[in-house]
Structures are given as C-alpha cells and as structure tokens.
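Each chain, written out:
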Amino acid sequence: MRIDRDFARELDSQDELSPFRDRFVIDDPDLIYLDGNSLGRLPRRAIELSQSLVSDGWGRRLIRGWNEGWMYLPERVGAKIAALIGAHPDEVIVADSTSVNLFKLAFAAVMARPERSTIVTDDLNFPSDLYVLDAVAKSAQPRRRVAVVDSPDGVHGPVEGIAQALDTETALLSLTQTVYKTAYCYDMAALTQMAHDCGALVLWDLSHAAGSVPVQLNAARADLAVGCTYKYLNAGPGAPAFLYVRRDLQEQLGNPITGWMGRADMFHFQPDYEPHPGIRRFVTGTPPILSMAMIEPGVDLLLEAGMDRLRAKSLRQTGYLIELYDELLKPLGFALNTPRDPTRRGSHVTLTHAHGWQIDQALIHEARVIPDFRRPNHIRLGIAPIYTSFSEIHEAVLRLCSVVEQGLYQKYDPDRAGVT
Ligand SMILES: *Cc1c(COP(=O)(O)O)cnc(C)c1O
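Here's a quick rundown of the structure. Given the structure is predicted, the values throughout are model-derived calculations rather than measurements.

**Quick word on the packing of helix α3 (residues 73–84) against helix α10 (residues 295–305)**
Here's step 1: At a closest axis distance of 10 Å, the pairing of α3 and α10 adopts a crossing angle of 25°. With respect to α10, the axis of α3 lies roughly parallel. In terms of crossing hand, the pair formed by α3 and α10 is left-handed. For the pair α3 and α10, contact is made by Leu73, Arg76, Val77, Lys80, Ile81, Ala83 and Leu84 and by Ile295, Glu296, Val299, Asp300, Leu302 and Leu303, respectively.

**Quick word on the site of the ligand**
Here's step 1: In the vicinity of the ligand, the contacting residues are Ser97, Thr98, Ser99, Phe126, Asp129, Thr176, Asp205, Ser207, His208, Cys228, Tyr230 and Lys231.
Here's step 2: Between the ligand and Thr98, the relevant distance is 3.4 Å, taken from an oxygen atom to a main-chain nitrogen or oxygen of the residue.
Here's step 3: Within the side chain of Ser99, an N or O atom sits 2.6 Å from an oxygen atom of the ligand.
Here's step 4: Burial of the ligand by the protein amounts to 86% of the accessible area it has alone, namely 390 Å².

**As for the sheet that holds strand β5 (residues 170–176)**
Here's step 1: Read across the open sheet, the seven strands follow the order β2-β8-β7-β6-β5-β3-β4; overall the sheet is mixed. Every interior strand has two partners, whereas the edge strands, β2 (92–95) and β4 (145–149), have only one. Direction aside, the axes of adjacent strands within the sheet are offset by 20° on average.
Here's step 2: Pairing geometry for β5 and strand β6 (residues 201–205), over five bridges, is parallel. Counterpart to Leu173 in the pairing with β6 is Val202.

**Looking at the nonpolar core**
Here's step 1: Core analysis: the biggest nonpolar cluster contains 66 residues, and Ile81, Ile85, Trp204, Leu206 and Leu217 have the highest contact counts within it.
Here's step 2: Of all hydrophobic cores here, the second largest spans 35 residues; its members include Tyr325, Leu363, Ile383 and Cys401.

**Things to note about the sheet that holds strand β12 (residues 372–374)**
Here's step 1: Taken together, the four strands give an open sheet; going across it, the order is β9-β10-β13-β12, and neighbouring strands pair in antiparallel fashion. Taken across any chain shown, the strands that pair with only one partner, and hence form the sheet edges, are β9 (335–336) and β12.
Here's step 2: In this structure, strand β10 (residues 348–352) lies alongside strand β13 (residues 378–382), joined through five bridges in antiparallel fashion. Bridge pairing links Thr352 to His378 in β13.
Here's step 3: Against the sheet, helix α12 (residues 356–366) contacts β12 and β13, and its axis sits at roughly 160° relative to β12.

**Here's the deal with the packing of aromatic side chains**
Here's step 1: For the structure shown, the criterion picks out 12 aromatic pairs.
Here's step 2: Aromatic rings pair up to connect Phe7, Tyr320 and Phe390 into one cluster.
Here's step 3: A cation over an aromatic ring shows up here: Arg41 above the ring of Tyr387, its NZ or CZ 5.5 Å from the ring centre.
Here's step 4: Across the ring face of Phe126, the terminal group of Lys231 is positioned such that the distance to the ring centre comes to 5.3 Å.

**Quick look at α10**
Here's step 1: The element α10 is extensively covered by neighbouring structure, given that eight of its 11 residues are classed as buried.
Here's step 2: Every buried residue belonging to α10 is among Ile295, Glu296, Pro297, Gly298, Val299, Leu301, Leu302 and Ala305, and all of these are buried.
Here's step 3: In the core, the buried residues of α10 are packed alongside α2 (44–61), α3, β2, α9 (289–293) and α11 (307–329).
Here's step 4: Two residues or fewer past α10, Gly306 is found with a positive phi of approximately 90°.

**Topic: the environment of Ser117**
Here's step 1: Position of Ser117 relative to the elements: it lies in the loop between α4 (98–111) and β3 (118–122).
Here's step 2: Relative accessible area serves as the criterion here: at 28%, Ser117 is assigned to the partly exposed category.
Here's step 3: Remark: the alpha-carbon pair of Ser117 and Leu172, spanning 55 residues in sequence, is separated by 9.2 Å.
Here's step 4: Excluding residues that lie within four positions of it along the chain, Ser117 makes contacts with Arg144, Arg145 and Glu169.
Here's step 5: A distance of 2.6 Å separates the side chain of Ser117 from the side chain of Glu169, its partner in a polar contact.

**Focus: the packing of α4 against helix α5 (residues 127–139)**
Helix-helix packing is characterised by the crossing angle of the two axes and by the distance between the axes.
Here's step 1: Direction vectors running N to C along α4 and α5 enclose 40°, while the axes themselves pass 9 Å from each other. With respect to α5, the axis of α4 lies oblique. Handedness of the crossing formed by α4 with α5: right-handed. Of the residues in α5, those touching α4 at Ser99, Leu102, Phe103, Ala106, Phe107 and Val110 are Ser128, Asp129, Val132, Leu133, Ala135, Val136 and Ser139.
Here's step 2: For the contact of α4 with α5, the per-class residue count stands at nine nonpolar, three polar and one charged.

**A few points about the side chain of His394**
Here's step 1: Its location among the elements puts His394 in helix α13 (residues 390–405).
Here's step 2: Dropping the residues within four chain positions of it, His394 is found in contact with Ile3, Asp4, Arg5, Ala8, Tyr320 and Leu324.

**Details of unusual backbone geometry**
Here's step 1: Put simply, Gln141 and Pro142 share a cis peptide bond, and its omega is -5°.
Here's step 2: Within the fold, Pro142 resides in the loop between α5 and β4.
Here's step 3: Here the residue pair Arg375 and Pro376 is connected by a cis peptide bond, since its omega of 0° sits within 30 degrees of zero.
Here's step 4: With respect to the helices, strands and loops of the structure, Pro376 is situated in the loop between β12 and β13.
Here's step 5: One non-glycine residue, Leu62, lies in the positive phi region at around 50°.
Here's step 6: Along the chain, Leu62 turns up in the loop between α2 and α3.
Here's step 7: The class of Leu62 is partly exposed, set by a relative accessible area of 47%.
Here's step 8: Look at Phe269: it is not a glycine, yet its phi comes out positive at around 50°.

Analysis parameters
- Residues numbered from 1 in each chain as written.
- Predicted model: local features only at pLDDT ≥ 70, side-chain atom pairs only at ≥ 80, totals over all residues.
- Heavy atoms only, no water.
- Axes fitted to C-alpha atoms, helices over the stretch in contact; angles between N-to-C directions.
- Helix = DSSP H or I, 4+ residues; strand = E, 2+ residues; numbered from the N terminus.
- Parallel < 35°, antiparallel > 145°, perpendicular 65-115°, else oblique.
- Left-handed = near helix turned anticlockwise from the far one by under 90°.
- Contact = heavy atoms within 4.5 Å.
- Near = heavy atom within 4 Å.
- Polar contact = N/O pair within 3.5 Å; in protein donor to acceptor, adjacent residues only side chain to side chain.
- Areas by Shrake-Rupley, 256 points an atom, 1.4 Å probe, with all protein chains shown as cover.
- Pairing = 2+ DSSP bridges.
- Core = buried A, V, L, I, M, F, W, Y, C linked by side-chain atoms within 4.5 Å.
- Buried < 20%, exposed > 50% of the residue type's maximum accessible area, 1.4 Å probe, protein only.
- Phe/Tyr/Trp six-rings, centres within 6.5 Å; stacked < 30°, edge-to-face > 60°.
- Lys NZ or Arg CZ within 6 Å of the ring centre and 35° of its normal.
- Nonpolar A, V, L, I, M, F, W, Y, C, P; charged D, E, K, R; others polar.

Right, here's the structure in full:
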C-alpha cells in the first residue's frame, strides 16, 4: 500500500465519479468535510431550485401551487427515493421526520400482530429509535415489551442473539441497517427471513444506508422501512424523511396519526376518517414543500451516478482509509471501530482514541477537517462517495497525525461535548 500523496491523486484520476464533485457547492477547498453522514453537502441545483420555488412558486403562484404539483410532491419524491432503495415507486412516500415515521410504522406493525407481546431491537440502534420503540410499546394496547439485544463487541450486530430473541411472541423486529456508530451493516435479506420465519414483521431504518449502501427492499421481502434525507441524500438540514410500506401491506396497516392529508378525498371534509388507498394513508399533515423540494436535486445526482458505482467507490475509499489507519494512525493510539469485512461495512469509518473528544475539537479548529463525533470517544469519518475525493481522505489522515504528534489537542477541555 502506498501512503504518498501522488497515490491518492492517481486514485482520483481513475475515479469515474469524480466529476460529480463539481455539482456540489465546495467553495473552500482547504476545508475537508467528512460529515456527509450527518449533513450532506449542498447540491448546486438546490440553490436555483429554492430561489425559484420561493420567488415564483410561493411568491407568484400562491395557493394555486398546491394544484400545480405541491400536493403530490410526497409521492413524486418518494418514487425517486424508491429507485435508490430497491422498492416500487408506489411504496415510498416522504413525510415528517424519521423518528415520527418510525413511530407510525412501528405502531402500525404492532397493531397488526395483536397477539404478540414483544418488539426486538439491538443496543447499537440510534437512541431516537430506541426511545420511539419504547413509546410504541407503552402506547399500544395491551402494552408491549422491547427486547434490546446486546452487540457481542460493540461493533458488530448481534445476529445470533437476535435469532435467539425472535419467537412466536415477537410482533416486530426493528433494526438500523447501517449502524450509526460503527457502520456495521446487517444482511437485510437474512434478518428479514429470520423474522418472517417466526411470523414477525420487520422495520428497517435506512438513515445511514440510503444513498451510500445499496439496499434492495423488495428483493429482501422487507415489510417496512424509514430513513433520513439530510444525510447521504443531501437534502439539507431537517429535510423531511421517507417511509416505505410493501404494497401488499399498505391496505392492511393503519397510520396511528390519522390526519386529513392521508384521508381519502381529503377535500370533502367529512368528520369521519377513511384512509386514502395505498401509501398516501401514511401521510398525516401538510407537507413542508420548501424543504421537501430540496430532496430532489441530491437524489437526482445519486440516481445519475448509480448506486452500484457509488457503493464500489465507497468501499474503495473506506478500504483506503482503513489501510492508512493501519499504517499511520494505529501507531498513534487510534483503534478501528468499524468492520473490516467490506460486505458488512457502510460508508463511514469510526476511530476511537483515549483523547477522542479533544482530537475532534483540534481537527475542527486547528486542522480544518470536519469529522463527526459520538460519545464517549468515537470519531466518525464519513465518506460520501458522490463528492469525497481520495486526496481529501489522504490529507485528512495526515492532519489527524499532526494533531496528535504535535499535541494540538491538549489545549481542549476533555469534558465538553457538542453537536459534532
Ligand atoms: C439520523 C438518524 C435518525 C434521525 O431522526 P430524526 O427524526 O430525523 O431526528 C434516526 N434514526 C437513525 C438510525 C439515524 O441515523
């Protein structure tokens, strides 16, 4: 393995996706952004689109905009996301946040298995997912129980433990396909099969997978899924989330938060609720058009690049980063907290270090590298293959080395923690 800068440049020159970088706003080339797994970069097209949507759409079309495309924007954008995650276009819709969608679908699933008492998940799951599953278990009648299966090593998903936990009492298995802390990826088809074998439904959170890890919801026979758009889909801060319900389940499940936007013939204003046919019933209230429209430019770029090519590049890049870690970072006290097995690895690489928080702060404030940090000491280096270059990865590792070798981190307070 070559660790020189020229090798990184060679890798960039061989990269057929490198032209996509120019389709994003990158006006500070010295700043290395490795946090696309928390907030993706701004696609250039989103600037024009937001300006015309505000001035022409809101400004001039006013209420008429609803009949000129806004009303069915959730379906339209959902259909495009469906193409990225191996689903039919009428199985995905955009609404609410990931947490809220998780509640809606988990509750619907539990209600569809009235005789069963448990929801199974793992301790690697995103905290919000655990809180929501807990809320679902407490709000359901009768009350359900959440069984949280522990990872054997804090890195890999507890596949064997889940197999043991699943039984005829399980109503729902809910997992995050790519684990936020370690980038471990579950085998979606295998776990879905395991749950189906005991009659449970499965709900996948795709927040860290959509746009970086190819997911085949239909091929895996997945029942339900939710996910973020502001991470690898590059839709902007707080952009609404998506949800997937397999076709044959759509009429069987109910949205627990019934609202007029998910009602059949919503403008008849009947006092009784009757669900809209198909996926639309999982919408509750008025869609946030300005931020929902911002999902499309990023998704279009990913569709143009193609998930297979993006995955191939992502694996080359995380593999390259892990090789640089072996050569340069491991000797400085870092440890790898991400699977080496490429089939089980998502698109970020997590490193731990005894001074993790201080190093993170020094990286941001002294070395112009923006990573991502999760307590207690996880530095996550997110690779968004659509715009991250090999040279950036190389340079980030060199800067990480100098932060440690020169002791630049020592002046930061080890006890404070913020957003990144
Ligand atoms: C980012 C993320 C979320 C965020 O949910 P919000 O409702 O958008 O705040 C939820 N789950 C997972 C697994 C995530 O990675």
